[in-house]
Amino acid sequence: MDSIKRARKAILQADMVLIGASNGLSIAQGIHIFADNQDFNDYFSDFKNNNAIKSIIQGCFHQFSKEEQKWAFYSKMYHYFTIDRKPTQVMQQLLSLMKDKPYFVVTSNIDSHFINSGFDPHAIFEIEGNCRFMQCETACHDTLYDAEQKLLAFYAKQENGSIPTKLVPKCPKCGGNMKLNIEVDSHFVKGATWQENNQKYRAFLDQAKNKQKKIVLLELGVGLRNILIKQPFMNLTYYNSNVCYITFNKGEIYVPIEIDAQSITLDGDIGQSLSEIVGLNGR
Ligand SMILES: [Zn+2]
């Protein structure tokens with residue numbers, strides 16, 4: 001049986017599915033955070049000119065000297081990731097495969113795409129944060145603030161890569177600067193929701209140790225160096241011989257020999273692979 005048919009059969013028969021997703025899934029949806037491409041030039045040329053930033057990821061890690069520029073960049077990024085983007089076929093197909101099935105998502109993507117595509121917000125652990133939320137830059141307290149309305153205002157009011165000074169947000173506790181709640185330094189706040197979702201994820205991993213159940217781990221676009229997501233998946237597969245580990249990626253597939261028999265590798269465009277799996281419907 002070929003990999004697509006095996007993957008479909010495993011997913012359909014699964015008692016529970018754990019999804020792990022990283023940058024490759026964003027790329028499959030047309031978002032290249034590492035690329036200096038047409039989209040980057042269309043959205044972020046101000047920051048390319050003013051701050052010599054050449055990709056979204058560089059912008060996320062950039063030490064802006066002006067808060068006005070920092071928030072202009074973040075608001076553009078938020079717009080690019082969410083407002084200007086409808087749920088893609090990739091995400092819709094993934095969601096359709098989870099229909100009536102217990103699932104949980106762990107992702108290092110900060111783009112809100114799982115939530116915005118209709119996945120259960122209570123079954124998603126955004127391990128490195130979400131670009132919709134704001135925190136104190138020095139983490140003087142661990143409250144997160146929903147920043148959507150502010151980010152939309154920053155987007156609307158910015159000129160030449162800067163927002164008006166009067167709009168720059170300040171920490172309500174210490175009066176210092178704010179930043180997005182994404183993990184770019186040691187001040188990343190792991191707030192109450194992060195802790196709660198981490199607990200849910202750990203509980204799901206524990207449930208998946210049950211050797212009486214059919215467990216599928218769907219790993220989507222997780223690079224070889226992303227140990228954070230990959231390691232627990234591989235460990236679980238090794239521990240439980242009833243686990244089926246399905247890894248989707250483009251050109252970056254690696255499965256240790258110890259779990260090879262339980263693994264299905266789909267090397268290629270993630271959207272294409274999902275389409276083929278969903279397309280087998282009824283056959
Ligand atoms: Zn503060």
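Here the structure is shown first, and the text comes after it.
My aim in this report is to walk through the structure given alongside it, one point at a time.

Glancing now at the sheet that holds strand 9 (residues 263-267). One open sheet accounts for six strands, arranged 3-2-1-7-8-9; its pairing is parallel. Among the strands making up the open sheet, the edge pair consists of strand 3 (124-126) and strand 9. Averaged over all pairs of adjacent strands, the angle between their axes in this sheet comes to 10°, without regard to strand direction. Its contacts with the sheet place helix 1 (residues 3-13) against strand 7 (215-220), strand 8 (243-249) and strand 9, and it is angled at close to 125° to strand 9.

This part covers the pairing of strand 8. Strand 8 sits mainly inside the fold: seven of its seven residues count as buried. Across the two faces of strand 8 the burial is the same, with V243, Y245, T247 and N249 and C244, I246 and F248 all buried. As defined by bridge partners, strand 7 adjoins strand 8 across six bridges and the pair is classed as parallel. Note on strand 8: the bridge partner recorded for E219 is T247. Read as a crossover between parallel neighbours, the route from strand 7 over helix 10 (residues 227-239) to strand 8 is right-handed. Here five bridges tie strand 8 to strand 9, and the two strands are oriented parallel to one another. The partner of Y245 across the bridge, within strand 9, is S263.

Side chains that differ in sign of charge can pair as their charged atoms come close. This model, assessed by the stated rule, comprises 10 salt bridges. With a closest N to O distance of 3.6 Å, R132 and E148 form a salt bridge. Within this pair, whereas R132 is found in strand 4 (residues 129-136), its partner E148 is found in helix 8 (residues 148-157), the two being separated by 16 residues in sequence. Linked by salt bridges that have partners in common, E67, K70 and E137 make up one network.

We now examine the coordination of the zinc ion. The coordination sphere of the zinc ion, as far as protein atoms go, consists of C136 (SG), C140 (SG), C171 (SG) and C174 (SG), spread over 2.2 to 2.3 Å. With four donor atoms in place around the zinc ion and angles of 105 to 113° between them, the coordination shape is tetrahedral. Binding-site remark: the zinc ion is held by donors from one chain whose sequence spacing is C-x3-C-x30-C-x2-C.

Despite not being glycine, S112 has its phi angle at roughly 65°, a positive value. Inspection of the secondary structure puts S112 in the loop between strand 2 (103-107) and helix 7 (113-116). Even without being glycine, N160 reaches a positive phi, approximately 50°. Overall, the relative accessible area of 63% leaves N160 in the exposed class.

Turning our eyes to something else, we now look at the packing of helix 6 (residues 89-97) against helix 11 (residues 270-279). Viewed as axis vectors pointing N to C, helix 6 and helix 11 meet at an angle of 40°, and their least axial separation amounts to 9 Å. Classed by the angle they form, the pair helix 6 and helix 11 counts as oblique. Along this stretch, helix 6 crosses helix 11, giving a crossing that reads as left-handed. Between helix 6 and helix 11, the residues in contact are V90, Q93, L94, S96 and L97 and G271, L274, S275, I277 and V278, respectively. For the contact of helix 6 with helix 11, the per-class residue count stands at six nonpolar, four polar and no charged.

Once that is clear, we can look at the sheet that holds strand 4. Sheet strands associate in pairs through backbone hydrogen bonding, adopting either a parallel or an antiparallel arrangement. The strand order across the open sheet built from three strands is 5-4-6, with neighbouring strands paired in antiparallel fashion. Edge strands, defined here as strands with exactly one partner in the open sheet, are strand 5 (145-146) and strand 6 (178-182). Each of strand 4 and strand 6 is contacted by helix 5 (residues 67-83), which is oriented at about 35° to strand 6, the strand it contacts most. Here helix 8 sits on the sheet and contacts strand 4, strand 5 and strand 6; the angle it forms with strand 4, its principal contact strand, is near 95°.

We now examine the packing of aromatic side chains. Taken as a whole and assessed by the stated rule, the structure comprises 18 aromatic pairs. Relative to F44, the ring of F40 lies with its centre 5.1 Å away and its plane at 20°, an arrangement referred to as stacked. Taken together, the positions of F40 and F44, both in helix 3 (residues 38-51) and four residues apart, correspond to about one turn of that helix. In this structure, F40 and F44 share a single accessibility class: buried. Between W71 and Y74 the ring centres are 5.4 Å apart and the planes differ by 70°, which places this aromatic pair in the edge-to-face class. On the criterion of helical spacing, the pair formed by W71 and Y74 is a turn pair, its members being three residues apart in helix 5. A relative accessible area of 0% places W71 in the buried class. The class for Y74 is buried, based on a relative accessible area of 5%. Of the aromatic side chains, those joined through ring pairs into one cluster are F40, Y43, F44, F47, F64, W71, F73, Y74, Y80, F81 and F154. Of note, K209 hangs over the ring of Y239, and the distance from its end group to the ring centre comes to 5.8 Å. In this arrangement the basic side chain of K211 is found over the ring face of Y239, its NZ or CZ atom lying 4.7 Å from the centre.

Reading the values: rules and limits
- Residues numbered from 1 in each chain as written.
- Predicted model: local features only at pLDDT ≥ 70, side-chain atom pairs only at ≥ 80, totals over all residues.
- Heavy atoms only, no water.
- Pairing = 2+ DSSP bridges.
- Helix = DSSP H or I, 4+ residues; strand = E, 2+ residues; numbered from the N terminus.
- Axes fitted to C-alpha atoms, helices over the stretch in contact; angles between N-to-C directions.
- Contact = heavy atoms within 4.5 Å.
- Buried < 20%, exposed > 50% of the residue type's maximum accessible area, 1.4 Å probe, protein only.
- Right-handed = clockwise from strand over helix to strand, strands pointing away.
- Salt bridge = Lys/Arg side-chain N within 4 Å of Asp/Glu carboxyl O.
- Donors = N, O, S within 2.8 Å, 3.2 Å for Na, K, Ca; no water.
- Tetrahedral: all angles 85-135°; square planar, octahedral: opposite > 155°, others 65-115°.
- Parallel < 35°, antiparallel > 145°, perpendicular 65-115°, else oblique.
- Left-handed = near helix turned anticlockwise from the far one by under 90°.
- Nonpolar A, V, L, I, M, F, W, Y, C, P; charged D, E, K, R; others polar.
- Phe/Tyr/Trp six-rings, centres within 6.5 Å; stacked < 30°, edge-to-face > 60°.
- Lys NZ or Arg CZ within 6 Å of the ring centre and 35° of its normal.

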